[in-house]
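What the coordinates show
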There are 4 protein chains.
Amino acid sequence: MATLTSAARGVYPIAPTPFHPDGRIDESSLDRLADFYTGCGATGVTVLGQLGEAPKLDHDESVAIASRMVSRLRIPVVVGVSAPGFAPMRTLARAVMDAGAAGVMIAPPNTLRTDDQIASYYHQASQAIGADVPFVIQDYPLTFSVVMAPAVIRRIVQENASCVMLKHEDWPGLEKISTLRGFERDGSMRHISILCGNGGLFLDFEMERGADGANTGYAFPDMLVDVVRLQVEGRRDDAHALFDAHLPLLRYEQQPGVGLAVRKYILMRRGLIASDAQRQPAAALSNRAREEVDYLLSRVARHDARARLASA
Amino acid sequence: MATLTSAARGVYPIAPTPFHPDGRIDESSLDRLADFYTGCGATGVTVLGQLGEAPKLDHDESVAIASRMVSRLRIPVVVGVSAPGFAPMRTLARAVMDAGAAGVMIAPPNTLRTDDQIASYYHQASQAIGADVPFVIQDYPLTFSVVMAPAVIRRIVQENASCVMLKHEDWPGLEKISTLRGFERDGSMRHISILCGNGGLFLDFEMERGADGANTGYAFPDMLVDVVRLQVEGRRDDAHALFDAHLPLLRYEQQPGVGLAVRKYILMRRGLIASDAQRQPAAALSNRAREEVDYLLSRVARHDARARLASA
Amino acid sequence: MATLTSAARGVYPIAPTPFHPDGRIDESSLDRLADFYTGCGATGVTVLGQLGEAPKLDHDESVAIASRMVSRLRIPVVVGVSAPGFAPMRTLARAVMDAGAAGVMIAPPNTLRTDDQIASYYHQASQAIGADVPFVIQDYPLTFSVVMAPAVIRRIVQENASCVMLKHEDWPGLEKISTLRGFERDGSMRHISILCGNGGLFLDFEMERGADGANTGYAFPDMLVDVVRLQVEGRRDDAHALFDAHLPLLRYEQQPGVGLAVRKYILMRRGLIASDAQRQPAAALSNRAREEVDYLLSRVARHDARARLASA
Amino acid sequence: MATLTSAARGVYPIAPTPFHPDGRIDESSLDRLADFYTGCGATGVTVLGQLGEAPKLDHDESVAIASRMVSRLRIPVVVGVSAPGFAPMRTLARAVMDAGAAGVMIAPPNTLRTDDQIASYYHQASQAIGADVPFVIQDYPLTFSVVMAPAVIRRIVQENASCVMLKHEDWPGLEKISTLRGFERDGSMRHISILCGNGGLFLDFEMERGADGANTGYAFPDMLVDVVRLQVEGRRDDAHALFDAHLPLLRYEQQPGVGLAVRKYILMRRGLIASDAQRQPAAALSNRAREEVDYLLSRVARHDARARLASA
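Some words on the sheet that holds strand 8 (residues 213-214) of chain C
Residue and element names in this part refer to chain C. Strand order in the open sheet made by the eight strands is 1-8-7-6-5-4-3-2, with parallel pairing throughout. Among the strands making up the open sheet, the edge pair consists of strand 1 (10-11) and strand 2 (45-47). Across five bridges, strand 5 (residues 135-139) lies against strand 6 (residues 163-168) in parallel orientation. Residue Phe135 lies in a different strand from strand 6, and its bridge partner there is Cys163. Relative to the sheet, helix 3 (residues 86-98) contacts strand 3 (77-80) and strand 4 (103-106), its axis offset from that of strand 4 by approximately 150 degrees. Each of strand 5 and strand 6 touches helix 6 (residues 150-159); the most contacted strand, strand 5, lies at about 170 degrees to it.

Dropping the structure here:
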C-alpha cells in the first residue's frame, strides 16, 4: 500500500467527483477517471479536495469515493479531510487511511490569522488524526483567506514529522518556492515535496523555481504531465510552448466558482465523465460560456491533438 | 413530540456539551443540565450550537447528544446543523428530526456577501433538509462575518415557510428588531419568533424592542428567565435591576473565544457539569481569569442568591 | 511642549470632533471639551481617532483641530495619523508635531495578515514619519481585522525606539496585558505604556492586569479617572462598584457604528458639545434609542451624581 | 475640456506614477507616458488608481500629477479619488475637476457588505463630490473585498445620474457583463460605459460580451488597443491570436502585489519610464523574476514586434 512521502513528484491530479444528473455519485465515471489518470502518467491522485465538492458529500459518501479510488489505482491516493473540527477530521482520516489512502490533505479554517494560530492549528490537526498519518498543507490564500508566511510553513514542517508535502497555491507564489527551497539549502527546514495547484496558472515557472510537480485539477492533466517532464528534462522552450498553447483555456478554467463547471464540462467533452452535473450550491455554465469553452478547445487543438477529440 | 413554531417564546438556553477531562462526552452532566433547564423555567433548549462545540463532534456523537436531550426533555429541542455543505447538513438534520428534535438552527457560511447569496443559501438549505423541517436563522455577524440586512431576513422568511425563528445576535441589533417587527406590522413579513443571543448583552432592551425571549448560553439561564418574565409583566425597572446585577459577569462571559471556558467554569461551580473540560482547539482559562470570575460571582451574589452557591 | 513617553499613565480621553448641524467644525465646543478634560483629571488627550471621525476630515481640518487642542491644553495631545499610505501619514504627522503634538497614533490597514507584514508595516511607518516621533500602536482587531500576537507587539517595540504606547483594545484582551507585562519582567521587551480602549468595557480588570490607564471615549471620562485612581490606590471593591454602576450605559455606548451617536448625544446632554451632529456616513440615533440612553442615564444617576445633570 | 460620458469606449490605460529612485515624482517620465498613450491610440487615461500608487501620494502630489496629465493630453483623464472619508474625497475631486479632469473613479471601502450599504455609499459619495462630477464605479472584489451584485450596480446607476462608467474587474465577470447589458435591453438600467480591468486577463471575451473596451495597466496598452479594435471589427480569431500571444506575460503581470513591479519593469524596458522605483510599501522584483519577465518578453516578441524592442 502506497504511503505519501516527501519524495513525491510528478502530477497528482485533483479528481472531481462525478455525479449523475440526479445528484447520485457516478461510480463508473469515477472508475474511468481513475484509469485515465493512470494512463496519462499521473504519479498520484488527490480526491475530496475543494473542487472534488468534498463539503457536499456526507461522511459515508466520502469514504466510499476514497475507497473506490484506492482500490482502482496503484498510485498514491491523497484524501482531503479538511473539516470544521478535529473530531470529524479524525474520523474521516482514520477511515480513509484504513481503506488504503497514502495520506491526507488539510486546509486551514479561514478564521486563522497570526503565525502562531496557523502553526498551532496544524500541530493540533496532526495530533488529532495521528502522528503516523502523512499530511499535505494546502496553502491557498485566495480561497481560504489564510496567509502563511514561508517561516510558518517551515515551522509546521519542523514541528510535525508527518508533514510531507505542500500543495502550493499562494498567489503570487514563485518567490515562496524559492524561499522554501532556500530554507532546505541552509538547513533550517527538511525537504518536503512541493506540488503546485492554483489551476496550474504558473506551473511553467514553478517547476523552474524548484517545485516537484503539479497538484491541480486542470482538465488536461496529460498536458501537466508533459510540462513537468519537459521541465525536468531541461527543455524549457518546449515546456513553455506547450503550456502557452493551453494557457487561454487554463486561465478560463481557473476562474473562482465557475471554474469547476468549466472543468466538468471539458471532462465530459473528453468522454471522461458522463455528466457535468454538480451538487448544490453550484455555479452553472451559461450557453454562452459553453460556446466560449468550445472555442478555446478548438484553439488549443491547433497545437495539441488531445484537445481535438474534446472539441469534435 | 414538540415542533418549533413561530409562536416560540421565553428562554431557550444554548447547552454546552459537557466533556470528561479525557474528552469523552459526559452524559450524566448532560442529563443534569437538561433537568436544570426544565427546572429553571426554560421553554426550550438549543444543542450543538457554536458554544456547544458542535464542530468538534463527529456525526454519531452529534446525533447521540441531540437524542439524549430530546428523550430527557419535554420542551422543544432545537439542534444546530450548520455544516460546510448541504449533504452533511441534511444527513444530520434528518437524523435529529427522526430522533424527535423540534427544529434545526442554520448559521451562514462566512463566504456569503451579497443579499442574493444569503437568501439563496437559506433557500437551498431549506430544500436540502426538507421543507417540512422548521429552521432558525442564526444572524451573528461578529462570528460568521455575514451581514444580513433586515430586508434579507424578510426575504428568507417569505421564501421559506419552514423558517420560524430568528436567533438574533447582530451587534448592534436593537434597531433590527424594531425594523423586523415593523415589517410584520406593515404586512410585508409574516410573524416569526425572535429570540436573542449574543450572550444576552442587550437582553434588557431587546425585550422592550419586541423580542420574544432569549436564546443564549449565559451560565445563569434562570436570570434570563426572570428578566424575560419581568419585561413581559411590564416591570421594567425590576428587569433592569436584575439584569444590571449580572451584567459585569455576563460581559466577562461574552468574550469571544475564552467565553466558553468562562461559561463552563461557572456551570461547574454551580454543580451542573462535572468538569469544565473542552475539546481542542480551546481557549483555556488562566488562574488569574478564574480568580476574576470568582470575584464577579461574589459580587453578583450580593444581589442574586443563585450566584451565592456558585461562589461558595 | 509635552512629549509622549512610555511613562504615560492615567486617562487619555479620545476626543470626538464636534460639528455644527451644517457639518462645519464647532470650535467653541472643541474648546469646552478641552477644558472639561483638564478639569476632570485627564492626563492627556487623543484627537483624530476613529471616533474623532478622522477619515471625514480633510488635511487642513485635521491640522486645525490638532493645533487648537494643543494650544488649549497643557497635557500631552496624541494625534491619530492613520492613513491609507505613508505619504499622507507623514505629511499629517509632521504638521501636527510642528504644531506641538506629543505623539501620534497609528492603526494598521486591514489588509495585514502575517506577523511579518504587521511588524514591517510599523517599521516602515515609523521611518516615514521620522524616528523622532513618538507613536502609539492601536491594537483593535474588532475594527481593523488585524490580529497582533503579543510577540508581534514585542517585536514592534524592540524594533522601533519611538514606539512608546499601546492603545490596547483587543477583545478578549486581559491575558494579552499579562503576557506583555511578563515580557517586560523577563527582560525580552522594554517597558511601554498600556492604555486601554475598547470603550472601557474591561477597564476594571485591565488595571489589575497591569494597564497604566484608559484611552477611550466613554462619555464620562471623569468616571474613568476615578476608576483608574481607585485601582491605583488598591481600592478594588470601590473601583468595581463605581465601574459597575456605569457598565449598563458604557456597554450601550460601546456598540459598533451607533456608539459614536450615543457618545455625542450624552456629551450634548452633559452640555459639553452644542450638537450631536456627525458628518456622513453616520449611524443615526432613533428616538427610541435616545429614550433608552435617557433611561440608562437616569439609572446611572442613582449612583453617580455626575450623570444626574446629564439626565435632568 | 473633455467630460466623461457613458459613451466612452476604447482603451483607458491605468497610468502608473513614475518615481525617481529617491522617491520624488518623475515628471518627464510622466510626460513620456502621456505622449505614448496618445500615440498608441488610447481614448482616455486613468491616473491615481490602485496601481498608480495613489495611497502613497499626499494631496498636493495627487493634484500635481492629475493636472500635469490633463494639460498634456487631449483625451479624457479620469482621476482616482478613493479615500477613507468623504471630506478628503471631495477636496481631491474638486481640485482635479477644476484642473480639467473628465471625471473621477471611486472604489468602495472594504468594510461594505450588504447591498444597501454599497448603494448608500455611492450615493453619499456622489453627493459629497457634487452631482455634476461624472464618476466611475470600480468593481474589484479581489482587491477591495466588496461584492457588488449586478442589481446593486443597476441601483447605483439609476440613483445617480453622474454615474457613467463601470470599471469592470469582478472575477469571474463575464456573466456580469451579459447581465448588465441585459438590464439595458430590458429597460431597467440606462446605458453605461463598461471598460474592463483585472489586468486585462479576460479582455478577449469581455469585448464579445458587450464591454466597450479596457481600463487596465498592462504594460502593452498598444496591444489592448489592437484587441479592442479587432473585436469591434468582428475579427475574432485575429483578436484572440494577438491576445493569446501576450497572455503568458499578461498573466505574469497580473499577480497581486508584485504585479506593479513587473509592470514598471517592463515600462522601463520599453523606455517609457526612467526607473521602475516604487514608494514603500512595495513588493520588489527579484533577479530571478526579472529574468522570467525577460524570457516572457522574448517569447511575446516572436508574435509582436513591439515586444522586441523591450526585450532587446
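Considering the sheet that holds strand 2 (residues 45-47) of chain A
Residues and elements named next belong to chain A. Spatial strand order, 1-8-7-6-5-4-3-2: eight strands in an open sheet with parallel pairing. Each end of this open sheet is capped by a strand with a single partner; those strands are strand 1 (10-11) and strand 2. Sheet analysis places strand 1 next to strand 8 (residues 213-214), joined by two bridges and oriented parallel. Bridging across to strand 8, Gly10 finds its partner in Gly213. Sitting on the sheet, helix 3 (residues 86-98) is in contact with strand 3 (77-80) and strand 4 (103-106), with an inclination near 150 degrees to strand 4. Along the sheet, helix 6 (residues 150-159) makes contact with strand 5 (135-139) and strand 6 (163-168), crossing strand 5 at roughly 170 degrees.

Observations concerning the interface of chain A and chain B
Taken together, the contacts link 16 residues of chain A with 16 residues of chain B. Here chain A and chain B share an interface that buries about 1,200 Å² over both sides, 57% of which is from carbon and sulfur atoms. Where chain A packs against chain B, one counts zero salt bridges. Ranked by the residues each element gives to the side of chain A that touches chain B, the list is headed by helix 3 of chain A, at four residues. Residue composition of the side of chain A that touches chain B, by class: seven nonpolar, five polar and four charged.

A few points about the pattern of salt bridges
Inspection of every chain in the model, using the stated rule, returns 132 salt bridges over all chains. Here Glu175 of chain C and Arg209 of chain C are joined by a salt bridge, their closest N and O atoms 3.1 Å apart. Separated by 34 residues along the polypeptide, Glu175 of chain C in helix 7 (residues 174-185) and Arg209 of chain C in helix 8 (residues 203-209) bring together distant segments of the chain. Residue classification places Glu175 of chain C among the partly exposed residues on the basis of a relative accessible area of 36%. As a salt-bridge pair, Asp304 of chain D and Arg306 of chain D come within 3.0 Å of each other at their nearest N and O atoms. Judged by relative accessible area, which is 25%, Arg306 of chain D ranks as partly exposed. Through salt bridges with shared partners, a single network forms among Asp226, Arg229, Glu233, Arg235, Asp238, Asp304 and Arg306 of chain A.

Comments concerning the environment of Ile266 of chain D
Residues and elements named next belong to chain D. Assignment of secondary structure puts Ile266 in helix 11 (residues 259-269). Taking the relative accessible area as the measure of exposure, Ile266 reaches 0% and is therefore buried. Spatially, the C-alpha atoms of Ile266 and Pro256 are 16 Å apart, while their sequence positions differ by 10 residues. Excluding anything up to four places from it in sequence, Ile266 contacts Ala219, Phe220, Leu249, Glu253, Val293 and Leu297.

A few points about the relation of the copies chain A and chain B
In the superposition of chain A on chain B (RMSD 0.0 Å, axial shift 0.0 Å), the rotation amounts to 180 degrees. Such a combination of turn and shift is consistent with a two-fold rotation axis. Ranked by how close their C-alpha atoms come to the rotation axis, the residues of chain A are headed by Pro84 of chain A, at 3.8 Å. A shared binding surface is used by both copies, with 100% of the interface residues of chain A retained as interface residues in chain B.

Cut-offs applied
- Residues numbered from 1 in each chain as written.
- Chains lettered and ligands numbered in written order.
- Predicted model: local features only at pLDDT ≥ 70, side-chain atom pairs only at ≥ 80, totals over all residues.
- Heavy atoms only, no water.
- Pairing = 2+ DSSP bridges.
- Helix = DSSP H or I, 4+ residues; strand = E, 2+ residues; numbered from the N terminus.
- Contact = heavy atoms within 4.5 Å.
- Axes fitted to C-alpha atoms, helices over the stretch in contact; angles between N-to-C directions.
- Buried area = accessible area lost by both parts, 1.4 Å probe.
- Salt bridge = Lys/Arg side-chain N within 4 Å of Asp/Glu carboxyl O.
- Nonpolar A, V, L, I, M, F, W, Y, C, P; charged D, E, K, R; others polar.
- Buried < 20%, exposed > 50% of the residue type's maximum accessible area, 1.4 Å probe, protein only.
- Least-squares fit on C-alpha atoms with pLDDT ≥ 70 in both.

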